[in-house]
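Topology and contacts: notes
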Amino acid sequence: MISPLAQPPIPKPARRNRLGRFILILFLVAAVAAGSVLSQGVTPPGRSGDALALVESAWDVALSKVGETPNLAPNPWPGEIIFCEPLPESQRRAFADGVALMRSTENGAALFQMLQDEGVCIGVEDLPYNSAYATSRWTPGNGWAESEIRIDTSYVTFLYPDVLAAILVHEATHIERAITRTSCYYADACTVLPNGVYLEEEVVAHSAEAEFWIALFGRDGKDRALANDHAENQLKAFYLQGPDAFLEFVREMRSDSREGDGIG
Ligand SMILES: [Zn+2]
């Protein structure tokens, strides 16, 4: 039984349900938005017919093989990853690889530990625009355990565990800031873009993502990155130009009117 007087631990919830009993903060997030200005992936040579899917698959595998290997060794999570619903084996393996790489850095390991400790689940969703989003939700009965991270299906692939890991770092950063009340949202210190994106919140999450990418591949980025990993290189490059350049880069990248399509 939940007391109607129970108070959430945060003074300014973004949204409440009709009963006012839980906090719901939906970050309209894209680690690196699919199809955005960042995405300059290589497309396969023109083909048609039944073989197209197979050709694309083979092409994707070929692209992924030419890229540089991370500097850091994967650090597999020894327990069960909390998934939001049962996933096929291929997606569970993709997440296991992504989480192992996420945990290769100190910050990534701490972030993933926090997700597991708080009971935050990881799931898959078909997203029309964003590559991922995080929902942080607190209830008196379950604490933060109803929070979740959702990754677009196309990113849950064994081909690019580095990109999946970078996205997880980004989303976990949002969750951590909600839990620790350090999000600019709580201080009323966010610039809200016309499409509803909290600019400074995204700058912090993209910064964590860029720092993770640098830890994996150095300041020169990943060599021979030709697909989604190219976008992470670009994010890293702007990050290294300094705070002002990075802020403007994130503002431009995250101002698309399609942000949040299909979410919530
Ligand atoms: Zn974000």
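See the structure above.
Okay, so let's go over this structure. (Residues numbered from 1 in each chain as written. Predicted model: local features only at pLDDT ≥ 70, side-chain atom pairs only at ≥ 80, totals over all residues.)

Before going further, it helps to spend a moment on the pairing of strand E4 (residues 132-138). Here E4 lies mainly inside the structure; seven of its seven residues are buried. Side chains Ala 132, Ala 134, Ser 136 and Trp 138 project from E4 onto one buried face, and the interleaved Tyr 133, Thr 135 and Arg 137 project onto a second face that is buried too. Examined bridge by bridge, E4 and strand E5 (residues 148-152) share four bridges and lie antiparallel to one another. When the bridges of E5 are listed, Ala 132 appears paired with Ile 151. (Buried ≥ 20, exposed ≤ 12 C-beta atoms within 10 Å, placed from the backbone. Helix = DSSP H or I, 4+ residues; strand = E, 2+ residues; numbered from the N terminus. Pairing = 2+ DSSP bridges.)

Axis separation between helix H4 (residues 161-179) and helix H5 (residues 199-217) bottoms out at 9 Å; the angle between their running directions is 140 degrees. The orientation of H4 relative to H5 falls into the category oblique. H4 and H5 meet at a crossing whose hand is right-handed. Seen from H4, the contacting residues are Asp 162, Ala 166, Val 169, His 170, Thr 173, His 174 and Arg 177; seen from H5, they are Glu 201, Val 204, Ala 205, His 206, Ala 208, Glu 209, Phe 212, Trp 213 and Leu 216. (Axes fitted to C-alpha atoms, helices over the stretch in contact; angles between N-to-C directions. Parallel < 35°, antiparallel > 145°, perpendicular 65-115°, else oblique. Left-handed = near helix turned anticlockwise from the far one by under 90°. Contact = placed C-beta atoms within 7 Å.)

Right, let's get into the pairing of strand E3 (residues 121-125). Regular strands have side chains that alternate between both faces of the sheet. Residues of E3 alternate between two faces, with Ile 122 and Val 124 buried on one and Cys 121, Gly 123 and Glu 125 left unburied on the opposite face. Pairing of E3 with E5, which is carried by five bridges, proceeds in the parallel orientation. What sits directly across from Glu 125, in E5, is Asp 152.

Core analysis: the biggest nonpolar cluster contains 43 residues, and Ile 149, Leu 164, Ile 167, Leu 168, Val 169, Ala 172 and Ile 175 have the highest contact counts within it. When residues of this core are traced back to their parent elements, those giving at least two are helix H2 (89-102), helix H3 (106-118), E3, E4, E5, H4, H5 and helix H6 (228-239). No other element matches the eleven residues that H4 contributes to this core. Discounting residues that sit within four places of it in the chain, Ile 149 has contacts with Val 120, Ile 122, Ala 132, Ala 134, Glu 171, Ala 172 and Ile 175. (Core = buried A, V, L, I, M, F, W, Y, C linked by C-beta atoms within 7 Å.)

This brings us to H3. Because each turn of an α-helix spans 3.6 residues, side chains separated by three or four positions in sequence point in the same direction. For H3, built from 13 residues, the straight-helix expectation of 18 Å at 1.5 Å per residue is met to within 8% by its first-to-last C-alpha distance of 18 Å. For H3, every residue scored as buried is listed here: Gly 108, Leu 111, Phe 112 and Leu 115. All buried residues of H3 lie within an arc of 95 degrees about the axis, which places them on one face of the element. Turned more than 90 degrees from where H3 packs its buried face, Glu 106, Ala 110 and Asp 117 sit exposed. Packed against the buried residues of H3 are H2, H4 and H5. Gly 119 lies just past H3 and shows a positive phi near 80 degrees. (Expected span 1.5 Å × (residues − 1). Arc of directions from axis to C-beta.)

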